[in-house]
Every structure is written in C-alpha cells, then in structure tokens.
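# Descriptive structure summary
The primary structure of each chain is shown beneath.
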Amino acid sequence: MRFITANLNGVRSAASKGFFDWLAQQQADAVGVQELKAQADVVESKFRSCDKLDGHFHYAEKKGYSGVGLYTREEPSDVVTGLGIAEFDGEGRWVEKRFDKPGRKLSLISVYFPSGTSGEERQAVKYRFLDAVFPHLQALKAEREFILVADVNIAHKEIDLRNWKSNRKNSGFLPEERAWLTRLFDEHGWVDVFRRLDEAPERYTWWSNRGQSWAKNVGWRLDYQIATPGIAQAATRAEIYTAQRFSDDAPLTSDYAIAA
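Residues numbered from 1 in each chain as written. Predicted model: local features only at pLDDT ≥ 70, side-chain atom pairs only at ≥ 80, totals over all residues. Heavy atoms only, no water.

### What about the sheet that holds strand β8 (residues 104-112)?
Read across the open sheet, the six strands follow the order β6-β7-β8-β9-β13-β10; overall the sheet is mixed. The open sheet is flanked by β6 (78-81) and β10 (191-192), the only strands paired with a single partner. With five bridges joining them, strand β9 (residues 145-151) and strand β13 (residues 223-227) adopt antiparallel strand pairing. Along β13, the bridge assignment pairs L148 with I226. (Pairing = 2+ DSSP bridges. Helix = DSSP H or I, 4+ residues; strand = E, 2+ residues; numbered from the N terminus.)

Spelled out as structure tokens, the structure:
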C-alpha cells in the first residue's frame, strides 16, 4: 500500500501548480491532504476524485481556512469526520476511513494539527488539541491498527529543523510540543514511520516562503506518517518529494507491505 500525505496550503492553489497531475502518476492507494482552504461547493465539484481515488472531506466552518481530505482507492466500511469536540470540529481537522474485514480493523486518518505561530491564543488552542487528541488516539489503538498522516506543526528533534538553536522558544519547537511527540513515540509505542526508515539529517517537509529558505534548504520536518507498531514494521520506503513545489509543504510518501 502506498500512502501519500501533503499539506496543500489551498487545494485550488496546489492544483494550479500541478499537484493532481503529479498525483495521478504516483500509483497511490491512499492520499491524505491538509489545509484545503475551500468549502464543499468547490471541493466536491472539482476535487472529489483523482486517478480512481475517491475523497472524503472535513471542512472548516470558516471559509478559506483549514479543512482536510482523505482519498482512497478502496471503498471504506465507514467514514468518521471530526473528533466529537466542537472547538476542533468547527475547524475541519480530522477525517478517518475505516476498512474493517474479518480478522482486521484498519483506519487511515488525515489530520491537520493547529499552528501556534500567530500568537498565544492559537498556541493555547494547539495545546488543547494535543491534550484532546491523545486519549482519542489511545482509544483507537486499543481497538484497531491505523496510519495517521498529518501536518503536525511540530518538529520533534534537533535533526528535524535546520535552525534549531534559534527556534527553541518558537511555536513548533517548544519543549512542551516536542515532549508530546516523545510521549507518543517513546512511551506509548506509536511509530514515526519516516524516521524508522530514514535517519539522515536535512530531511524537511516545510520551508518558509520568506527569504531563501527553499533554495538553501532551511526547513522543518512538520509532516508525519504515524502508525501503530504492527503496521509500522511493514513500512518499506519513505520519500519526501521536492522535485516540484506545490505548496510550502512537500508531499511525503510511504510504502507498506500490506494489502491496500
């Protein structure tokens, strides 16, 4: 199974830069996208499907903001949108497809974590989201395998951003945020699939549009594929695609030796 995740920073913008043309050549079985920045009238009419991949979406109430989607080749047994928490569900942050068969319960999930870069108020929202989503993930793990793809808006370790020393007090690399990921991976057993396969430095998925960040590879690794241990062990390949730029985030592809 090939699973791609990409923060589009606007589905219409990414489409105009060739994202869906590229996607049609990737032979993906599932694609999670974040930051649609569009409502149902646009997405359902223009971006509902691609290369025999059918999409389901969770839209923000605010126009031009947030929103996530999940395209899959296989028809799911169930679709879940939202966490059941009004504060976050109004921002369109969670879409989950379940593929339940005899002997297997599997979820594929696309999530957009809040950013705290605009100030203390949004940082507080980010912390509330982290506090809320953790027990939700624990409950899921107790009953099913899953792969969650997301723009997490956190760089976990020093290797995951170029200028880590100067960003230690900035949102996205705060000690509390990093500790949340450490707890997720080290204490509770979820797996950062990319890092399981690639331990090299300078592997980033986001670059600021300011200055020469892209040209100089001054980036952050903010986009993740997070899997339960059994599925993570089946991961065989992870790649960040940088030959074209569809957004300020790059697509992250992982292959898993499991049936789609």
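### Some remarks on the nonpolar core
Ranked by size, the top nonpolar core spans 25 residues in total, and within it W94, F113, L148 and L184 carry the most contacts. For this core, the secondary-structure elements that each account for two or more residues are β8, α5 (120-143), β9, α6 (175-187) and β13. It is α5 that provides the largest number of residues to this core, a total of seven residues. Setting aside chain neighbours within four positions, we find F113 in contact with R93, F129, L130, V133, A150, D151, V152, N153 and W180. Counting residues in hydrophobic clusters, the runner-up holds 24 residues, among them A14, L23, V42 and V43. (Core = buried A, V, L, I, M, F, W, Y, C linked by side-chain atoms within 4.5 Å. Buried < 20%, exposed > 50% of the residue type's maximum accessible area, 1.4 Å probe, protein only. Contact = heavy atoms within 4.5 Å.)

### Topic: unusual backbone geometry
In this model, K37 sits at a positive phi of 55°, which is unusual for a non-glycine residue. Structurally, the position occupied by K37 is in the loop between β2 (30-34) and α3 (40-46). Overall, K37 belongs to the partly exposed group, its relative accessible area being 26%. Backbone geometry at N217 places phi at a positive 55°, although glycine is not the residue there. Inspection of the secondary structure puts N217 in the loop between β11 (206-207) and β12 (219-220). We classify N217 as partly exposed; its relative accessible area is 22%.

Note that all results are geometric; they support no functional claim without further evidence.
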